[in-house]
Amino acid sequence: MKQMPLSRKLIIILTSLLFAVYAAYNVFLIVRDYTILPPPGIIIYATVALMFAVFPLYLLTAGIQGKKHIRFLIFRRISFIVALSVIFLLKLRMIPSVIASLDFSKPYTVFYVGAYLMTQAALLILLIFFVFVLGRFPLYPRALVVLPVLAIILFAGSLALEAVLYFVYGIGLEANTLRTLVIRPVFYLGFICLSAYFLFPPEAATAPPVKQESNTNP
């Protein structure tokens, strides 16, 4: 990471901290409530904590490159895809109850469903971007910018809708005010920063070209 721009280093550090906090929060819930949590609840919290712990490891190893690290790089990529997919699927399981809560005569339900759908759409966009677009600059130059920006807009929109839910309707999506005002923004800001990280060119693209000696043979 010696040649990594300072702005990229800062976004890596900030994003890693945000995801680490969210992972630690889920571990805290297990430690605090393990006596009353059903086994499926413990499994879900543990899975979420593990998946969010993958993101800091992925980001903090961004400077590792080269053929000698190929196995680690493959593992790193697969781990990221699995983590993002699991988070998307865990949230997807909520869709029946979320849709069932929709009542157009109650505006706050529209905000709630809107925030959920925007979050899921953003996660899916990031997953598609990472699996099919990232690293294929000659094929998808516009998508390399458009998809992360779109994900940022959707995550920011979800955060804004949840802010309306809390500050206008007094509805928080966490157990208490402190967690609603801290943990929900941590979740969204983590993914906003992750999306912004993908807007930076990859390490190989920013490295200075290798100077080649000219051929002096006649």
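Before reading further, recall that the structure is shown in the block above.
Residues numbered from 1 in each chain as written. Predicted model: local features only at pLDDT ≥ 70, side-chain atom pairs only at ≥ 80, totals over all residues. Heavy atoms only, no water.

Here the focus is helix H6 (residues 143-167). With 25 residues, H6 extends 35 Å between its outermost C-alpha atoms, agreeing within 8% with the 36 Å of an ideal straight helix rising 1.5 Å per residue. If you check which residues of H6 are buried, you get Leu144, Leu147, Pro148, Ala151, Leu154, Phe155, Gly157, Ser158, Leu161, Glu162 and Leu165. Summarising the contacts, the buried residues of H6 are in contact with helix H5 (107-133) and helix H7 (177-197). (Helix = DSSP H or I, 4+ residues; strand = E, 2+ residues; numbered from the N terminus. Expected span 1.5 Å × (residues − 1). Buried < 20%, exposed > 50% of the residue type's maximum accessible area, 1.4 Å probe, protein only. Contact = heavy atoms within 4.5 Å.)

Moving on to the nonpolar core. Core analysis: the biggest nonpolar cluster contains 46 residues, and Phe52, Phe55, Phe155, Phe191 and Phe198 have the highest contact counts within it. Listing elements by their share of this core, those giving two or more residues are helix H1 (6-33), helix H2 (39-60), helix H3 (70-92), H5, H6 and H7. A per-element tally of this core places H7 first, with 10 residues. (Core = buried A, V, L, I, M, F, W, Y, C linked by side-chain atoms within 4.5 Å.)

A few words now on the packing of H3 against H5. Between two packed helices, what matters for the description is the angle formed by their axes and the separation of those axes. Orientation of H3 relative to H5, taken along the N-to-C sense of each, is 160°, at an axis distance of 10 Å. Between H3 and H5, the interaxial angle falls into the category roughly antiparallel. The two elements H3 and H5 cross, and the hand of that crossing is left-handed. Contacts between H3 and H5 involve Arg77, Phe80, Ile81, Leu84, Ser85, Ile87, Phe88, Lys91 and Leu92 from the former and Tyr116, Thr119, Gln120, Leu123, Leu124, Leu126, Leu127, Phe130 and Val131 from the latter. Looking at the contact of H3 with H5 residue by residue, the class counts come to 13 nonpolar, three polar and two charged. (Axes fitted to C-alpha atoms, helices over the stretch in contact; angles between N-to-C directions. Parallel < 35°, antiparallel > 145°, perpendicular 65-115°, else oblique. Left-handed = near helix turned anticlockwise from the far one by under 90°. Nonpolar A, V, L, I, M, F, W, Y, C, P; charged D, E, K, R; others polar.)

This structure, assessed with the given rule, holds 24 aromatic pairs. Residues Tyr22 and Tyr25 carry aromatic rings whose centres are separated by 6.1 Å and whose planes lie at 50° to one another, so their mutual orientation is tilted. Here Tyr25 and Tyr22 lie together in helix H1, a separation of three residues that amounts to about one turn. Judged on exposure class, the residue Tyr22 and its partner Tyr25 are both buried. Just above the ring of Tyr58 sits the side chain of Arg76; from NZ or CZ to the centre is 3.8 Å. Positioned above the aromatic ring of Phe187, the side-chain terminus of Arg184 is 5.7 Å from the ring centre. (Phe/Tyr/Trp six-rings, centres within 6.5 Å; stacked < 30°, edge-to-face > 60°. Lys NZ or Arg CZ within 6 Å of the ring centre and 35° of its normal.)

Our focus in this paragraph is the pattern of salt bridges. Across all of its chains, the model carries three salt bridges by this definition. Where Asp33 meets Arg32, a salt bridge forms, and the shortest distance between an N and an O atom there is 2.6 Å. You can call Asp33 buried: its relative accessible area is 13%. Here Arg32 falls in the partly exposed class, since its relative accessible area comes to 40%. Its salt-bridge partner being Arg184, residue Glu174 comes within 3.5 Å of it at the nearest N-O pair. (Salt bridge = Lys/Arg side-chain N within 4 Å of Asp/Glu carboxyl O.)

Taken together, Tyr108, Phe167, Val168, Tyr169, Leu178, Leu181 and Val182 make up a surface patch of nonpolar side chains, about 690 Å² in accessible area. Broken down by element, the residue count for the nonpolar patch peaks at three residues, all from H7. Looking at the element boundaries, Val182 is found in helix H7. Among the residues examined, Val182 registers a relative accessible area of 39% and is labelled partly exposed. (Patch = residues over 30% accessible without salt bridge, like charges linked within 9 Å, V, L, I, M, F, W, Y side chains within 5 Å. Areas by Shrake-Rupley, 256 points an atom, 1.4 Å probe, with all protein chains shown as cover.)

Quick look at the packing of H6 against H7 now. Put simply, H6 and H7 touch, their axes get as near as 8 Å, and they point 170° apart. The orientation of H6 relative to H7 falls into the category roughly antiparallel. The segment H6 lies against H7, with Pro148, Ala151, Ile152, Phe155, Ala156, Ser158, Leu159, Glu162, Tyr166 and Phe167 engaging Thr177, Thr180, Leu181, Arg184, Pro185, Tyr188, Phe191, Ile192, Ser195 and Ala196. A per-class count over the contact of H6 with H7 returns 14 nonpolar, four polar and two charged.

Here the focus is the environment of Arg8. Here Arg8 shows up in helix H1. The spatial distance from the C-alpha of Arg8 to the C-alpha of Tyr197 is 6.9 Å, given a sequence separation of 189 residues.

Purely geometric stuff here, so don't read any function into it on its own.
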